[in-house]
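# Summary of the model geometry
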Amino acid sequence: MREDPFEHLAEAYEAWYETPLGAFAIAEEERALRTLLPPGESLLEVGAGTGYWLKRLPYPRKVGLEPSLAMLRVGQKRVPEAAWVAGRGEALPFPEKSFDVVLLFTVLEFVEDVERVLAEAKRVLKEGGSLLVGILEALSPWAALYRRLGERGVPPWQGARFLSREDLEALLGPPLQAKEALFLAPEAQPPFAEADAAGRRAGNRGALYLGRWR
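This section reports on the structure supplied with the text.

The rules behind the values
Residues numbered from 1 in each chain as written. Predicted model: local features only at pLDDT ≥ 70, side-chain atom pairs only at ≥ 80, totals over all residues. Heavy atoms only, no water. Helix = DSSP H or I, 4+ residues; strand = E, 2+ residues; numbered from the N terminus. Buried < 20%, exposed > 50% of the residue type's maximum accessible area, 1.4 Å probe, protein only. Contact = heavy atoms within 4.5 Å. Lys, Arg positive; Asp, Glu negative; His and termini not counted. Charge placed at Lys NZ, Arg CZ, Asp CG, Glu CD. Core = buried A, V, L, I, M, F, W, Y, C linked by side-chain atoms within 4.5 Å. Pairing = 2+ DSSP bridges. Axes fitted to C-alpha atoms, helices over the stretch in contact; angles between N-to-C directions. Salt bridge = Lys/Arg side-chain N within 4 Å of Asp/Glu carboxyl O. Expected span 1.5 Å × (residues − 1). Phe/Tyr/Trp six-rings, centres within 6.5 Å; stacked < 30°, edge-to-face > 60°.

### Quick notes on the overall build of the chain
Looking only at helices and strands, the chain has seven helices and seven strands in total. Along its sequence from the N terminus, the chain presents helices and strands in the succession α-β-α-β-α-β-β-α-β-α-α-β-α-β. The proportion of buried residues among the 214 residues of the chain is 53%. Partitioning the intrachain contacts of the chain with sequence separation of at least 6 by distance along the chain shows that 72% fall at a separation of at least 24. Side chains of the chain give 27 positive and 31 negative charges; the mean places of these two sets differ by 3 Å.

Here it is in structure tokens:
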């Protein structure tokens, strides 16, 4: 059985969002995500973690699929209004054409088979539905940090693999819409908005690249 890299991280997984840099980062990511949200009644989040996005996204029917039982248990407590399912993105336990929106938010870094996960996500989308994919951009300063942490064996980064936007578009084609966020470096100091603007001017790629496909 594959080891769960999130087993000992679940309870404190969202704590970083309460730090000054973490609060800035997650607000920028949420702003980018909300600009791409399509209308719909049903949302499936693949790799829903502890339910951070499930709690915030405005869909009447929300389902979170999560392979880490530790993360899933925390998510069930924090977001009881969502339906939670234990499972893997490579084999979604849902019929074809089940959801209006499928979200994969910084999940492809941790799956075994990226192409299979994307194929499954498309399989369960309704006609005209939207696939939203967010990746930790491989060519950003943040991915460089996470690679170094992975080399040192720091979970969950020790097994992570990073994609660039070009890699993602090679798999899915050009997106209907795309956004990026978080141009500052991981070691940036306040004021973060100024550091973010400076990173953008310097030509940094955003740590988060988001695309929407039909």
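On we go from here.
### Side note on the nonpolar core
One finds L44, V102, L104, L108, L131 and V133 to be the most contacted residues of the largest nonpolar core, which totals 26 residues. Filtering out sequence-adjacent residues up to four positions away, L131 remains in contact with V102, L104, A121, K122, L125, L172, G211, R212 and W213. The next biggest cluster of nonpolar side chains, apart from the first, holds 22 residues, and it includes I26, L43, F105 and A181.

### Topic: the sheet that holds strand 3 (residues 83-86)
An order of 3-2-1-4-5-7-6 is seen for the seven strands of this open sheet, with the pairing classed as mixed. With partners counted over all chains shown, the strands left at the sheet margins are strand 3 and strand 6 (177-181), one partner each. Taking the axes of each pair of neighbouring strands and ignoring which way they run, one obtains an average angle of 15 degrees across the sheet. Relative to strand 3, strand 2 (residues 61-66) runs parallel, the two being bridged by four bridges. The residue bridging L65 from the neighbouring strand is V85, located in strand 3.

### As for the pattern of salt bridges
The tally for this structure, following the rule as stated, stands at 13 salt bridges. A salt bridge links K97 to E127, with the nearest nitrogen and oxygen atoms 3.8 Å apart. Here the residue K97 occupies a position in the loop between strand 3 and strand 4 (99-105), and E127 occupies one in strand 5 (residues 125-136), the gap between them amounting to 30 residues. According to the relative accessible area criterion, E127 is exposed, its value standing at 67%. With its nearest N and O atoms 3.8 Å apart, the salt bridge here joins K126 to D100.

### A look at unusual backbone geometry
Cis geometry is found at the peptide bond from P155 to P156, where omega equals 0 degrees. Along the chain, the position of P156 falls in the loop between helix 5 (141-151) and helix 6 (165-172). Here the bond from P190 into P191 is cis, since omega is 0 degrees, no more than 30 degrees from zero. Within the secondary structure, P191 sits in the loop between strand 6 and helix 7 (192-201). The residue K97 is not glycine, and still its phi comes out positive at about 55 degrees. Here K97 falls in the partly exposed class, since its relative accessible area comes to 42%. Here the phi dihedral of T106 falls at roughly 45 degrees; this positive angle occurs in a residue that is not glycine. By the secondary structure assignment, T106 is in the loop between strand 4 and helix 4 (114-123).

### So, helix 1 (residues 20-36)
Look at helix 1: 25 Å from first C-alpha to last across 17 residues, which is about the 24 Å you get at 1.5 Å a residue. Among all positions of helix 1, only L21, G22, F24, A25, I26, E28, E29, E30, A32, L33 and L36 are buried.

### Points about the packing of aromatic side chains
In this structure the tally under the stated criterion is 12 aromatic pairs. Look at W53 and F105: their rings are 4.9 Å apart centre to centre, the planes differ by 55 degrees, and that puts the pair in the tilted class. Note that W53 is positioned in helix 2 (residues 52-56) and F105 in strand 4, a separation of 52 residues in sequence. Grouping residues by exposure puts W53 and F105 together as buried. Ring centres 6.5 Å apart and planes at 20 degrees place the aromatic pair Y146 and F162 in the stacked group. With Y146 in helix 5 and F162 in the loop between helix 5 and helix 6, the pair connects residues that are 16 residues apart, well separated along the chain. Of the aromatic side chains, those joined through ring pairs into one cluster are W16, Y17, Y52, W53, F105, F110, W142, Y146, W157 and F162.

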